[in-house]
Amino acid sequence: MIATEIEKGSRMTRNVGELPVSLQTEVQEAEFQYAQPGCVFLAYKSDQAIGVAGLTPHGGGVAELNRLFVLSTERGGVGNLLLKYIHGHADEVGIGRIVLDVMESRSEVVEWYRRSGYMETGRFLAGDVPMVAMERIADLST
């Protein structure tokens, strides 16, 4: 979250206490945000976390993909692996629709989500940041 805030051009953020209040709450209450059937996957290299992805349940077979992030020095496959685990978990627990939003300026990430089976469903502003809304519908009958 800190790296994303820096990337967005927010003031320098060095710890959780300097994040926007909504993000501080998410960190401090992660067990509620990602309660089952939601989950959080961490990718490790040796003893260092290098990537994360969370799935927040919204009920009715819908969940939101949150916080998918990989350290810039470790990109090139870790995100695909995290997404594979998120999709596998979603399928396993009957989540057929995953929604997400991503900053419009991250055009390479938007394209990566498209290649990963997500479709654009709309665009909106989060404050003054242009965002792209996307979703993936799984065929749980197979």
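Details of the structure are given in the entry above.
Our subject in this report is the structure included herewith. What you see is a predicted model, and the numbers here were worked out from it, not measured in a lab.

1. Here we look at the pairing of strand β4 (residues 97-103)
Among the 7 residues in β4, 5 count as buried, and that is most of the element. As paired strands, strand β3 (residues 62-70) and β4 are joined by 3 bridges and run parallel to one another. Considered in β4, the bridge of A63 is made with I98.

2. Here we look at unusual backbone geometry
Within the chain, S46 stands out as a residue other than glycine whose phi angle is a positive 60°. Counting through the fold element by element, S46 comes out in the loop between β1 (39-45) and β2 (48-59). Of note in this structure, R67 is not a glycine but carries a positive phi near 60°. Tracing the sequence through the fold places R67 in strand β3. We classify R67 as partly exposed; its relative accessible area is 34%.

3. Some points on the pairing of strand β5 (residues 119-126)
Of the pairings in the sheet, the one linking β5 to strand β6 (residues 129-137) comprises 7 bridges and is antiparallel in character. By the bridge assignment, R123 is partnered in β6 with V132. In this structure, the hairpin formed by β5 and β6 is closed by a connection of 2 residues, where G127 is found at a positive phi of approximately 70°.

4. Thoughts on the packing of aromatic side chains
With the rule as written, the count across this model stands at 3 aromatic pairs. With a centroid separation of 5.6 Å and an interplanar angle of 45°, the aromatic rings of F41 and Y85 are classed as tilted. Residue F41 is found in strand β1, and its partner Y85 is found in helix α4 (residues 78-92); the two are separated by 44 residues along the sequence. A residue is classified by how much of its surface remains accessible, and F41, at 22% relative accessible area, is partly exposed. On the accessibility criterion, Y85 (46% relative accessible area) is partly exposed.

5. Points about helix α5 (residues 107-115)
All buried positions along α5 are accounted for by V110, W112 and Y113. Along the axis of α5, the buried residues cluster in a sector spanning 160°; they form a single face. Seen from the buried face of α5, the exposed residues on the opposite side, beyond 90 degrees, are E108 and R115. Among the structural elements, β3, α4, β4 and β6 are those in contact with the buried residues of α5. Looking one or two residues past α5, G117 carries a phi angle of roughly 100°, positive in sign.

The rules behind each value
Residues numbered from 1 in each chain as written. Predicted model: local features only at pLDDT ≥ 70, side-chain atom pairs only at ≥ 80, totals over all residues. Heavy atoms only, no water. Buried < 20%, exposed > 50% of the residue type's maximum accessible area, 1.4 Å probe, protein only. Helix = DSSP H or I, 4+ residues; strand = E, 2+ residues; numbered from the N terminus. Pairing = 2+ DSSP bridges. Phe/Tyr/Trp six-rings, centres within 6.5 Å; stacked < 30°, edge-to-face > 60°. Arc of directions from axis to C-beta. Contact = heavy atoms within 4.5 Å.

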